[in-house]
Amino acid sequence: MGDMASIVQTVPEKCKRCYTCVRSCPAKAIKVEGGQARVIEERCLTCGNCIRVCAQHAKSVGSGRPELEQILAGSRPAIACLAPSFPAAFEAVSPGQVIAGLRQLGFAQVMEVAYGAELTALAYRELLSGKIPTPVITTPCPALVSYVEKYLPELIPNLAPIVSPMIALARFIRTKYCPEAAVVFIGPCTAKKAEIRDEAMAGIVDVVLTYEETQQLFAQDGVALHELAPSEFDGPRARFGGIFPVSGGLLKTAHMESDILENDIIVSEGVDRALDVLRQTMDGALNARFLDLLFCNGCIAGPVMGNDLSIVARKELVVRHVRQERAAASEAATYYNALMEAREGLDLSRSFHDRSMPLSMPSDAELATILAQMGKHEPEDELNCGACGYPTCRDKAVAVYQGLAEAQMCLPFLIDELETTIQELADSKVQIEKAQSLLIQSERLASMGQLAAAVAHELNNPLGTVLIYAHTLLRELQTGDPRRDDVQMIAAESERCRKIVRGLLDFARKRSRQADAVDIGAVLENVIGIVQKHAVFSRVNIDLRVAHDLPTVDGDADQLTQAFVNLATNAAEAMPDGGKLTISACPHDGDRVDIAFTDEGVGISEENRQRLFTPFFTTKAGGKGTGLGLPIVYGVVKMHSGDVRVDSEVGKGTTFTITLNRWREGIEETPVAPEPGIIGQ
Ligand code: SF4
Ligand code: SF4
Ligand code: SF4
């Protein structure tokens, strides 16, 4: 659905938000709302510029066809009034065939608006011979009249109080020709649809059809124009009025000469040039007495001509028709006597109204706030690229303030936003992939823990039995007994197996733990005391950094000592040529404590990092190490409901960070470890 009651409408499903129409609208009459470029009827001039520029055909003009069908079905004689540009709109057939086609559609008569132009031209000659405020601005173009009434009301006194050729012909029909007729104007202009709604002109013309609508009617009724015998216009004929839609046509019809040296007559066409002349008039910069202004480049360039012919080609078609008409017209003196007679008693005057609706302007602070919403924080952010349809970022911000535009219409801002979103999505993807990988690793470790716990549980009792009997045997064997060495080996190896089993139970979190308020600083000092005795630490410099406000943690000091000794030993072994081991402890988010072990060792490859906490996985050469050191760390931390994080760079070093819960009064039970989770990469 389009905009109800608007003559110029937007077809929402076709609008692709290119803002070309916003850029081309001379009246700031297009409001972008919910991404749609809607027409504000009160502000609109119905100039049709937006229809002309919209490559998506998303702007349309309200159809007059339903009203025409009612008229043709009724009892009043319908008179089609054909605008003088028509030879350029129906270029494939002769003018007479167009007239014949209209008769076939059901029109009782077909008259030429060029005759209305002759009457209008006469009225201009009369006006200019009297005393009037100058410069006089011509008023055949309803879009231009509407612009003055709505946006430059100071110039209303300068508007020539004379009706357009369309209204002039319609008044002639109503007063002197066929008062009961239904008058239908056919032309290239969308603004004519608004002109007949004006209260000063109400009820004079019944319907306005565009050439496009008329072509659709011919197609709908199967009227093949090229097969028809040409027909003639009804009613009084024009002599020069047919030239009206061509640049300078009014002057030519009124036999007024424009002397370029005198510069008292200015002919200007096209929105930009016409508005420029109006602004200069406002500024008092012009000395001209007569301003002949049109919003299009002559009405032959009207917005709904229905074909893509060049202006030159259209002019050629119109001029050819005017020459033929003039040749057939009566001799000049006779013609103008008849015209003066028709003019007698015919009211061709009109009035104008101030319809201005000034928009409020934002303060500097309000403007700055809107610019910030558009991502314009500094002057260099204001690109003034025009992509939003406004010439500068500030013009656009003012339009946002006035409710005509949306802050999001800024293309560079949207691109920036899009790039940020794409980056955030890419970051999220990496995070999700990491989390997924850690989850898989944690699940693998959890199932491995269950298996390890089952195996350890099965081995624990037989191992205990072997150990008891080995020690009983040792006690019974005399010193010097050759079997004693063998039994001692059985006892030592059984002891080693028991440690392995205990390690597996630690990994599988099958041992209970104390829940005490543990002073991590004291534990770390104890750990340093233990490890420093080992040879592997002989070339390692330990730097201990404990935050002075470090809270106690909820933990089992013995188990934490074991885990920290493992991490410190691991770090020292990663630095075979010596180096610095930094052990730090600091609060984490108020409720937790981080303990980090950072070495300057060889680092851990991505592949090995995935398997670090897997029981019996070791990178140590020659069967050194049980491969249970880090799994035990993992198990202990999980038993404390904590997390382990690993950050490593090959060739630079590794940091293991353990995060534990701070001690809270009232914690008595041994916390149940959640399902395992490793933080890190
Ligand atoms: S010109 Fe206007 S109506 Fe047409 S697609 Fe662009 S924004 Fe939409
Ligand atoms: S018809 Fe003219 S004034 Fe109305 S919205 Fe389109 S360009 Fe603007
Ligand atoms: S110049 Fe002619 S066609 Fe264009 S808006 Fe004005 S009256 Fe209509």
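Residues numbered from 1 in each chain as written. Chains lettered and ligands numbered in written order. Predicted model: local features only at pLDDT ≥ 70, side-chain atom pairs only at ≥ 80, totals over all residues. Heavy atoms only, no water.

1. Topic: empty space enclosed by the protein
- The full count for this structure, using the stated rule, is 7 cavities of 30 Å³ or more.
- Space inside the largest cavity adds up to approximately 180 Å³.
- Along the walls of the largest cavity sit 17 residues, with Pro84, Pro165, Lys192, Phe244 and Cys299 positioned nearest its centre.
- Within the residue set of the lining of the largest cavity, elements represented by two or more residues are helix 6 (113-129) and helix 8 (165-177).
- The computed volume of the second largest cavity comes to approximately 120 Å³.
- Around the second largest cavity sit 17 residues that line it, and Cys141, Pro142, Cys189, Cys296 and Cys299 are the ones nearest its centre.
- Contributions of two or more residues to the lining of the second largest cavity are made by helix 7 (142-151) and helix 9 (191-195). (1 Å grid on protein atoms, 1.4 Å probe; cavity = no way out; pocket = protein on both sides within 12 Å on 5 of 7 lines; lining within 4 Å. Points joined across faces, edges and corners; volume = space filled by probe spheres on them. Helix = DSSP H or I, 4+ residues; strand = E, 2+ residues; numbered from the N terminus.)

2. Re the nonpolar core
- Core analysis: the largest hydrophobic core is formed by 84 residues, its most contacted members being Leu82, Leu102, Leu119, Ile173, Val205, Tyr211 and Phe290.
- When residues in this core are grouped by element, the largest group, 11 residues, is from helix 6.
- Contacts of Leu102, omitting those with residues within four sequence positions, involve Ala80, Leu82, Phe107, Val110, Ile186, Thr214 and Phe218.
- Counting 62 residues, the second largest nonpolar core, distinct from the first, contains Cys44, Cys54, Leu144 and Ala399. (Core = buried A, V, L, I, M, F, W, Y, C linked by side-chain atoms within 4.5 Å. Buried < 20%, exposed > 50% of the residue type's maximum accessible area, 1.4 Å probe, protein only. Contact = heavy atoms within 4.5 Å.)

3. Considering the site of ligand 2
- In the vicinity of ligand 2, the contacting residues are Val8, Cys25, Pro26, Ile30, Val39, Cys44, Leu45, Thr46, Cys47, Gly48, Asn49 and Cys50.
- Grouping the amino acids of the shell around ligand 2 by side-chain chemistry returns 9 nonpolar, 3 polar and no charged. (Near = heavy atom within 4 Å. Nonpolar A, V, L, I, M, F, W, Y, C, P; charged D, E, K, R; others polar.)

4. Some remarks on the layout of surface pockets
- By volume, the largest pocket amounts to about 1,000 Å³.
- Considering the residues around the largest pocket, the lining is formed by 38 residues, among which Asn570, Glu573, Lys620, Gly629 and Leu630 are closest to the centre.
- Where the lining of the largest pocket is concerned, the elements lending two or more residues are helix 18 (484-507), helix 20 (557-573), helix 22 (629-639) and strand 18 (653-661).
- The element contributing the most residues to the lining of the largest pocket is helix 20, with 7 residues.

5. Some remarks on the site of ligand 3
- Taken together, Cys141, Pro142, Ala143, Cys189, Leu294, Phe295, Cys296, Cys299 and Gly302 make up all the residues around ligand 3.
- Spatially, ligand 3 is embedded in the second largest cavity.
- The class makeup of the residues in the shell around ligand 3 is 8 nonpolar, 1 polar and no charged. (Sits in = over half its atoms within 2 Å of the grid points.)

6. Some details on the side chain of Arg171
- Position of Arg171 among the secondary structure elements: in helix 8.
- A distance of 2.9 Å separates a polar atom in the side chain of Arg171 from the backbone oxygen of Asp347.
- Residues in contact with Arg171, not counting those within four places in the same chain, are Val163, Lys176, Ala200, Ile204, Leu346, Asp347, Leu348 and Ser349. (Polar contact = N/O pair within 3.5 Å; in protein donor to acceptor, adjacent residues only side chain to side chain.)

7. Quick look at the packing of helix 17 (residues 411-476) against helix 18
- Orientation of helix 17 relative to helix 18, taken along the N-to-C sense of each, is 155°, at an axis distance of 8 Å. Taken together, the axes of helix 17 and helix 18 are roughly antiparallel relative to one another. The two elements helix 17 and helix 18 cross, and the hand of that crossing is left-handed.
- In terms of residue class, the contact of helix 17 with helix 18 is made up of 20 nonpolar, 5 polar and 3 charged. (Axes fitted to C-alpha atoms, helices over the stretch in contact; angles between N-to-C directions. Parallel < 35°, antiparallel > 145°, perpendicular 65-115°, else oblique. Left-handed = near helix turned anticlockwise from the far one by under 90°.)

8. Remarks on the packing of helix 18 against helix 22
- Between helix 18 and helix 22, whose axes approach to 7 Å, the crossing angle comes to 40°. Considered as vectors, helix 18 and helix 22 are oriented oblique to each other. Along the contact surface, helix 18 presents Gly503, Asp506 and Phe507, while helix 22 presents Pro631, Ile632, Tyr634, Gly635, Val636 and Met639.
- Partitioning the contact of helix 18 with helix 22 into residue classes produces 6 nonpolar, 2 polar and 1 charged.

9. A look at the sheet that holds strand 11 (residues 290-294)
- The strand order across the open sheet built from 3 strands is 7-11-10, with neighbouring strands paired in parallel fashion. Each edge of the sheet is formed by a strand with only one pairing partner; in this case those strands are strand 7 (136-137) and strand 10 (265-269).
- Bridge count between strand 10 and strand 11: 5 bridges; the pairing is parallel. Across the sheet, Ile266 pairs through a bridge with Leu291, a residue of strand 11. (Pairing = 2+ DSSP bridges.)

10. Comments concerning the environment of Leu383
- As for its position among the elements, Leu383 is in the loop between helix 15 (364-373) and helix 16 (393-401).
- Note: C-alpha distance between Leu383 and Cys393 (10 residues apart in sequence) is 7.0 Å.
- Filtering out sequence-adjacent residues up to four positions away, Leu383 remains in contact with Cys393 and Pro412.

11. A short note on the sheet that holds strand 6 (residues 109-112)
- Reading across from one edge, 6-5-8-9 is the order of the 4 strands in this open sheet, with parallel pairing throughout. Of all the strands in the sheet, the pair left with one neighbour each is strand 6 and strand 9 (207-210). If you compare each strand with its neighbour and ignore which way they point, the axes differ by 25° on average.
- The sheet strands contacting helix 6 are strand 5 (78-82), strand 6 and strand 8 (182-187), and the helix crosses strand 6 at an angle near 40°.
- Of the strands in this sheet, strand 5, strand 8 and strand 9 touch helix 10 (residues 211-220), which is tilted by about 80° from strand 9.

12. What to know about the side chain of Asp292
- Relative to the helices and strands, Asp292 is located in strand 11.
- Discounting chain neighbours no more than four positions away, the residues touching Asp292 are Thr138, Gly248, Leu250, Leu251, Ile266, Val267 and Ser268.

13. Digging into a nonpolar patch on the surface
- Nonpolar side chains collect at one region of the surface, where Leu451, Val455 and Leu459 lie side by side and expose about 260 Å² of accessible area between them.
- On the secondary structure map, Val455 appears in helix 17.
- The exposure class of Val455 is partly exposed, given its relative accessible area of 38%. (Patch = residues over 30% accessible without salt bridge, like charges linked within 9 Å, V, L, I, M, F, W, Y side chains within 5 Å. Areas by Shrake-Rupley, 256 points an atom, 1.4 Å probe, with all protein chains shown as cover. Salt bridge = Lys/Arg side-chain N within 4 Å of Asp/Glu carboxyl O.)

14. Some words on the pairing of strand 10
- For strand 10, the tally of buried residues reaches 4 of 5 residues, placing the bulk of the element in the interior.
- You can see the chain leave strand 10, run along helix 12 (residues 271-282) and come back into strand 11, and the turn it takes is right-handed. (Right-handed = clockwise from strand over helix to strand, strands pointing away.)

15. Some details on helix 16
- Among the residues making up helix 16, those that are buried are Cys393, Lys396, Ala397, Val398, Ala399 and Val400.
- Directly after helix 16, the chain includes Gly403, whose backbone phi takes a positive value near 80°.

16. Quick word on the pattern of salt bridges
- Applying the stated rule across the entire model yields 29 salt bridges.
- Here Asp643 makes a salt bridge to Arg592, at a shortest N to O gap of 3.3 Å. Within this pair, whereas Asp643 is found in strand 17 (residues 643-649), its partner Arg592 is found in strand 16 (residues 592-598), the two being separated by 51 residues in sequence.
- On the accessibility criterion, Asp643 (18% relative accessible area) is buried.
- Each of Glu149, Asp198, Glu199, Arg350 and Arg355 takes part in one network of salt bridges that share partners.

17. Considerations on the pairing of strand 11
- Among the 5 residues of strand 11, 5 are classified as buried, and the element is accordingly described as predominantly covered.
- Going residue by residue along strand 11, you find Phe290, Asp292 and Leu294 tucked away on one face and Leu291 and Leu293 tucked away on the opposite face as well.
- Looking at chain direction, strand 7 and strand 11 are connected through 2 bridges and run parallel. Residue pairing across strands places Val136 opposite Phe290, the latter belonging to strand 11.

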